[in-house]
Amino acid sequence: MTEATLVARFAPSPTGALHLGNARTALFNFLLARRSGGHFILRIEDTDAERSSDAYLEALVEDLRWLGLDWQEGPDTGGHSAPYRQSERTGLYADFQERLLVTGAAYPCYCTPAELELSRRTQLAAGRPPRYAGTCRELTAAQRRDREAHGLVPTLRFRVQPGAEVVFDDIVHGPQRFATDDIGDFIVRRADGSAAFFFCNAVDDALMGVSHVLRGEDHLANTPRQLLVLKALGLTAPTYGHVSMIVGDDGAPLSKRHGAPSLSGLRERGYLALAVRNHLFRLGHAPAVQGTLAIDAMAEAFDIGRLGRSPARFDLVQLDSWQKEAVHGLTDDAFAQWARAALAAVPPAEQAAFIAAVRPNVVFPDDVAAWARVVFGDAPSLSEAGVAVVRDAGGAFFGAAAAAAAASGNDLAAITAAVREATGRKGPALYKPLRLALTGLDHGPELAPLLRAMPRAKARERLIRYAG
Ligand code: GLU
Ligand code: ZN
């Protein structure tokens, strides 16, 4: 790694399933590193032991790999900044916390959760934004000893100097200016000894050499506190970019009720990673290049200058159109793999013909399963309207069709020629009754290839039943 190497990271907390907002953050950081031949780190922010779990971590790694992302450093790959789980970095943090304590940049706070809550409510009731009241800011050594003698275990609180400003440039939002008077003293170490987010997130970025941080806009207001910690420790801050939130079609932050499941939910439904990446790539980012992009082309097209400030709308219709494209682009083998459960009902000899026939009409494996039932299942029952169409075509129509199907081996051209000859019908009057009798439906994939995939006995049986 040279000094100029771009280092990006994704720093999830393993407290739940990976949702689309986080997946997009991961993708953007991955692409940022990839496009410049830089480094991408996966760091696990699991200092909140109660909410974090190994099961979530495993699922997270699986989801990211499924999405097609890989990292040069991470909990499973190692690297020169190991360990990559914050829960394993407590010792490292202790040195920096000690430094903050010794220099007076932080102080022990003995306030209990109940006292803090009371103070918070009092301030809210007075119409003020709740902030740490400063109770323990100027305790003398004797006062501290006294509290500790009473068994109080302190948190470590960062001392925010009043009357100053924190200024930085955000990649997306431009110049930012925050008054320290609006920032209350904040916790850098909890009473249980674990490091708090503002502290370890910032310190780790510095220790891991992270040069760029792209993350959700909800973290923009956290940035000044992180910059204060880094400054107090003489550590280098990364360049931050806060990407716009993802919202549903009603403009509210994306949630389950917008039909936006977790990444694993999408995978289970049969969405392809290529499709998901292509939709995420365009949420809050307006690339100059259109069309479905493979990973390297996507990295090349990723442009932090094109990250937008307005909320990004998640759109299932858009996602499904990427999905359709992606399904069309699958090789036969990949298609067979993608839809393998649905293809279980398809005789191996007909598989290639069946895939060729239905591919233009399927978006999910469920669609494949539905067409497999149509082609290889029991003879379909028709709607009332369908029965009327078939009856109107008449027995001679289907007698000729069944004979031609048997003679030609399900060749649609031969069948239609025979029926035309026998009945004089053409156009929809010819095709619609055939399609209905054969598939039970008045829509679907092109009939000729679908019929080629259908076992001959089935085709004959479906035609002959209306011949009488
Ligand atoms: N653990 C934080 C989160 O998941 C990381 C924020 C950041 O990327 O800095 O929101
Ligand atoms: Zn206190």
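Here is what the cut-offs are and how they apply
- Residues numbered from 1 in each chain as written.
- Chains lettered and ligands numbered in written order.
- Predicted model: local features only at pLDDT ≥ 70, side-chain atom pairs only at ≥ 80, totals over all residues.
- Heavy atoms only, no water.
- Pairing = 2+ DSSP bridges.
- Helix = DSSP H or I, 4+ residues; strand = E, 2+ residues; numbered from the N terminus.
- Axes fitted to C-alpha atoms, helices over the stretch in contact; angles between N-to-C directions.
- Donors = N, O, S within 2.8 Å, 3.2 Å for Na, K, Ca; no water.
- Tetrahedral: all angles 85-135°; square planar, octahedral: opposite > 155°, others 65-115°.
- Buried < 20%, exposed > 50% of the residue type's maximum accessible area, 1.4 Å probe, protein only.
- Expected span 1.5 Å × (residues − 1).
- Salt bridge = Lys/Arg side-chain N within 4 Å of Asp/Glu carboxyl O.
- Near = heavy atom within 4 Å.
- Polar contact = N/O pair within 3.5 Å; in protein donor to acceptor, adjacent residues only side chain to side chain.
- Areas by Shrake-Rupley, 256 points an atom, 1.4 Å probe, with all protein chains shown as cover.
- 1 Å grid on protein atoms, 1.4 Å probe; cavity = no way out; pocket = protein on both sides within 12 Å on 5 of 7 lines; lining within 4 Å.
- Sits in = over half its atoms within 2 Å of the grid points.
- Nonpolar A, V, L, I, M, F, W, Y, C, P; charged D, E, K, R; others polar.
- Parallel < 35°, antiparallel > 145°, perpendicular 65-115°, else oblique.
- Contact = heavy atoms within 4.5 Å.
- Core = buried A, V, L, I, M, F, W, Y, C linked by side-chain atoms within 4.5 Å.

Could you give me a rundown of the sheet that holds strand β4 (residues 155–158), with the residues and numbers involved?
A sheet is described by the order of its strands in space; here three strands give the open sequence β3-β4-β7, paired in antiparallel fashion. Pairing within the sheet leaves two strands with one partner each, and these edge strands are β3 (106–109) and β7 (186–189). Between one strand and the next, the sheet's axes are offset by a mean angle of 45 degrees, whatever the strand orientation. Direction of pairing for β4 relative to β7: antiparallel, over a ladder of three bridges. Counterpart to L156 in the pairing with β7 is R189.

I'd like to hear about the coordination of the zinc ion (ligand 2), residue by residue, with values.
Every protein donor of the zinc ion (ligand 2) is accounted for by C109 (SG), C111 (SG), Y132 (OH) and C136 (SG), and the metal-donor separations fall at 2.1 to 2.3 Å. Coordination at the zinc ion (ligand 2) is tetrahedral, judged from the four donor atoms that bind it and the angles of 102 to 123 degrees they form at the metal. With a relative accessible area of 14%, C111 lands in the buried category.

Kindly report on helix α16 (residues 395–408), identifying the contributing residues and their values.
Over its 14 residues, α16 extends 20 Å from the first C-alpha to the last, a length consistent with the 20 Å expected when each residue adds 1.5 Å. Residues F397, F398, A400, A401, A402, A404 and A405 constitute the buried set of α16. Just downstream of α16, G409 is the residue with a positive phi angle, here 70 degrees.

Residues and numbers for the pattern of salt bridges, please.
Overall, the coordinates contain 20 salt bridges when judged by the stated rule. Two residues, E45 and R43, come together in a salt bridge whose shortest N-O distance is 2.9 Å. Across this residue pair, the class does not change: E45 and R43 are buried. Beyond isolated ion pairs, a larger network of salt bridges with shared partners links R9, R43, E45, R89, D204 and D205.

A description of the site of ligand 1 should follow, citing residues and the corresponding values.
Around ligand 1, the neighbouring residues are R9, A11, P12, S13, E45, F197, N201, R215 and H219. One of the side-chain nitrogen or oxygen atoms of R9 is found 2.5 Å away from an oxygen atom of ligand 1. One of the side-chain nitrogen or oxygen atoms of R215 is found 2.8 Å away from an oxygen atom of ligand 1. When ligand 1 is considered free in solution it has 300 Å² of accessible area, and contact with the protein chains removes 84% of it. In this structure, ligand 1 is accommodated by the largest pocket. The residue inventory of the shell around ligand 1, partitioned by class, reads three nonpolar, three polar and three charged.

Break down the packing of helix α3 (residues 90–102) against helix α6 (residues 197–207) for me, with residues and values.
Here α3 crosses α6 at 110 degrees, and the two axes come no closer than 11 Å. Classified by the angle between their axes, α3 and α6 sit roughly perpendicular to one another. Here L92, Y93, F96, Q97 and L100 of α3 come into contact with α6, specifically with F199, C200, V203, D204 and L207. Residues of the contact of α3 with α6, tallied by class, amount to eight nonpolar, one polar and one charged.

Could you give an account of the nonpolar core, with specific residues and numbers?
The tendency in soluble globular proteins is for nonpolar side chains to be buried side by side. In terms of nonpolar packing, the biggest core is built from 52 residues, with F335, W338, F354, V368, L434 and L463 touching the most fellow members. Filtering out sequence-adjacent residues up to four positions away, L434 remains in contact with F397, A401, L412, I415, T416, L447 and L463. Judged by nonpolar contacts, the second largest core, of 46 residues, contains F10, F30, F302 and F364.

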